[in-house]
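Survey of secondary and tertiary structure
As a plain string of letters, each chain reads:
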Amino acid sequence: MSQLFSPITLRDMTVSNRLVVAPMCQYLSEDGNANDWHLMHLGQLSMGAGGVIFTEATHVSPEGRITPKCLGLWSDDNERTLKRVIDFCKAHGVAKMGIQLAHAGRKASVNPPLKGSAPIAAADGGWQTLGPSEVGYGDWPTPRALDDDGLATVKAQFVTATERSARIGFDIAQLHAAHGYLMHQFLSPLSNVRNDRYGGSIEGRMQFPLEVFEACRAVWPENKPLGVRVSATDWVEGGLTVDEVVEFAKALKAKGCDFIDVSSGGNHPGQKIALGPGYQVPFAERIRNEVGIPVMAVGLITEPRQAESIVASGKADFIAIARGAMDNPRWAWHAARALGVDTEYPPQYVRCRPDTWRAAPAVMIAPTAAE
Ligand SMILES: Cc1cc2nc3c(=O)[nH]c(=O)nc-3n(C[C@H](O)[C@H](O)[C@H](O)COP(=O)(O)O)c2cc1C
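Residues numbered from 1 in each chain as written. Predicted model: local features only at pLDDT ≥ 70, side-chain atom pairs only at ≥ 80, totals over all residues. Heavy atoms only, no water.

Let us now look at the overall build of the protein chain. Broken down by element type, the protein chain carries 12 helices and 12 strands. Referenced to the eigenvectors of the C-alpha coordinate spread, the extents of the protein chain come out at roughly 70 × 40 × 40 Å. By residue count, 57% of the 371 residues in the protein chain fall in the buried class. Considering only contacts within the protein chain whose residues lie at least 6 apart along the sequence, 70% involve residues at least 24 apart. Counting only carbon and sulfur atoms, one obtains 53% of the accessible surface of the protein chain, whose full area is about 15200 Å². Counting 36 positive and 40 negative side-chain charges, the protein chain places the centres of these two groups 4 Å from one another. (Helix = DSSP H or I, 4+ residues; strand = E, 2+ residues; numbered from the N terminus. Buried < 20%, exposed > 50% of the residue type's maximum accessible area, 1.4 Å probe, protein only. Contact = heavy atoms within 4.5 Å. Areas by Shrake-Rupley, 256 points an atom, 1.4 Å probe, with all protein chains shown as cover. Lys, Arg positive; Asp, Glu negative; His and termini not counted. Charge placed at Lys NZ, Arg CZ, Asp CG, Glu CD.)

Written out as structure tokens, the structure reads:
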């Protein structure tokens, strides 16, 4: 009996396995719109890579984008173009479709990685970034600290994007509070030095992310799961700690959060990450055990048996895979085969299952129902 390929239910969403494709920015949008690349990229992943496929970070406002080429969901055009992609995935894929909603805060207005990831000068189209405090990321430009009106605007942008996600028909959603982006910036004492009710102790620093979560939960369909991706630590002395993230996760759970996707780092250029196979799994395990909430483990989980043992030993409920799924969009099929279990194929692809190849010559195999 595989635990990795056993079903799990969050609210009314049941998936047949615990594999998740983690969000992965593609940096190929114009004005935040999805296009044929997204159709191909998410379309192929939806057929074979796991139980849930998350979109890349999908930004709630133009100024909240990491780069000018990032995906967004602030306009009717954004909604229409992304719906086309998700309609395809739901019609032909076997996975549930999830969206990651994001605001990059002080880490916005940079070039895509292929162009060096550095801040864009104003003369080249760079824009004023926003943050909890006037503290830049390393030597990057200083953000404008959000005042009460600014906080209300960002919260409303998350709410509108959540409503758009519901209309598109996503099955599950997560808010991005990891990797040094806006909500992580609020959580971390390295980026949040406010002295109002949104700063200070972790109770203050988590206040804005909690308000955003609560407002999004109120408009997200009651029967669908909503979770949060966190960075469990800043990997920097004096930064956000796992103890504090456990407190945040407890408060999220009390507000109806259905899962925590546990990543780490991204909020300080001086971070010292202890990289290794499954290096973030212990954080997921702590949050799962201390908070009693389903967790996704992510980061250098590359082998089916490694994934199986993380779930079977109770360290995580889901296994999220990013680079491995780009390398092999059929990761889930191959993992199932390696673990000796059956998994779902789209009808058109059933005949590629190797166990059927020797049963009869390919031309004589009975057509599937879909033909
Ligand atoms: C190309 C690429 C783009 C990424 N974009 C995002 C993103 O949009 N949102 C996010 O939370 N993480 C993003 N990540 C991080 C992944 O979701 C994941 O946490 C990380 O790659 C570790 O998992 P892995 O070892 O399976 O690749 C990205 C990673 C890659 C490689």
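Moving on, there is more to tell.
Applying the stated rule across the entire model yields 23 salt bridges. Between Lys255 and Glu214 there is a salt bridge, and its shortest N-O distance comes to 3.5 Å. A residue pair is termed long-range when its members are at least 10 positions apart, and Lys255 in the loop between helix H7 (242-254) and strand E10 (259-263) and Glu214 in helix H6 (residues 207-219) qualify at 41 residues. Relative accessible area serves as the criterion here: at 31%, Lys255 is assigned to the partly exposed category. Here Glu214 falls in the partly exposed class, since its relative accessible area comes to 41%. Here Glu290 and Arg286 are joined by a salt bridge, their closest N and O atoms 2.8 Å apart. Of this pair, Glu290 and Arg286 both sit in helix H8 (residues 281-291), 4 residues apart, roughly one helical turn. Taking relative accessible area as the criterion, Arg286 reaches 30% and is therefore assigned partly exposed. Because the salt bridges share partners, they merge into one network encompassing Arg11, Arg217, Glu222 and Asp258. (Salt bridge = Lys/Arg side-chain N within 4 Å of Asp/Glu carboxyl O.)

As a further point, take H6. The terminal C-alpha atoms of H6 lie 19 Å apart, and with 13 residues this matches the ideal 18 Å at 1.5 Å per residue to within 8%. Buried positions along H6 lie against helix H3 (148-168), strand E8 (172-177), helix H4 (182-187), helix H5 (202-205), strand E9 (226-231) and H7. (Expected span 1.5 Å × (residues − 1).)

Time to look at unusual backbone geometry. One non-glycine residue with positive phi stands out, namely Ser117, at about 60°. Phi is positive for His179, which is not a glycine, with a value near 55°.

So, on to the site of the ligand. Near the ligand lie 16 residues; those nearest to it are Pro23, Cys25, Arg229, Leu300 and Arg323. Note that an oxygen atom of the ligand is positioned 2.8 Å from one of the side-chain N or O atoms of Arg229. Contact distances for the ligand include 2.9 Å between an oxygen atom and a backbone N or O atom of Ala322. Here the ligand, which alone exposes 610 Å², has 81% of that area covered by the protein. (Near = heavy atom within 4 Å. Polar contact = N/O pair within 3.5 Å; in protein donor to acceptor, adjacent residues only side chain to side chain.)

Right, let's get into the confidence of the model for the protein chain. Regions with low pLDDT should not have their predicted coordinates read in detail. Looking at the protein chain as a whole, its pLDDT mean stands at 96, while 98% of the residues score no less than 70. Within the protein chain, E10 carries the highest mean pLDDT (99), whereas helix H12 (residues 354-357) carries the lowest (84). (pLDDT = per-residue confidence, 0-100.)

Moving on to the side chain of His38. Its place among the elements puts His38 in helix H1 (residues 36-48). Excluding its chain neighbours within four sequence positions, the residues that come into contact with His38 are Gln26, Leu28, Ser29, Asn33, Gly43, Glu56, Leu71 and Val85.

Turning our eyes to something else, we now look at the nonpolar core. By size, the foremost hydrophobic cluster in this structure holds 83 residues, and its most contacted members are Leu175, Ile260, Ile287 and Ile319. Ranked by residue count, the leading element in this core is H7, at 7 residues. Sequence-distant contacts of Ile260, defined by excluding residues within four places in its chain, comprise Val228, Val230, Ala249, Leu252, Ile287, Ile293, Pro294, Val295 and Met296. (Core = buried A, V, L, I, M, F, W, Y, C linked by side-chain atoms within 4.5 Å.)

Turning our eyes to something else, we now look at a nonpolar patch on the surface. Taken together, the side chains of Leu28, Trp37 and Met40 present a nonpolar region at the surface, about 260 Å² in accessible area. Of note, Met40 is situated in helix H1. Relative accessible area serves as the criterion here: at 38%, Met40 is assigned to the partly exposed category. (Patch = residues over 30% accessible without salt bridge, like charges linked within 9 Å, V, L, I, M, F, W, Y side chains within 5 Å.)

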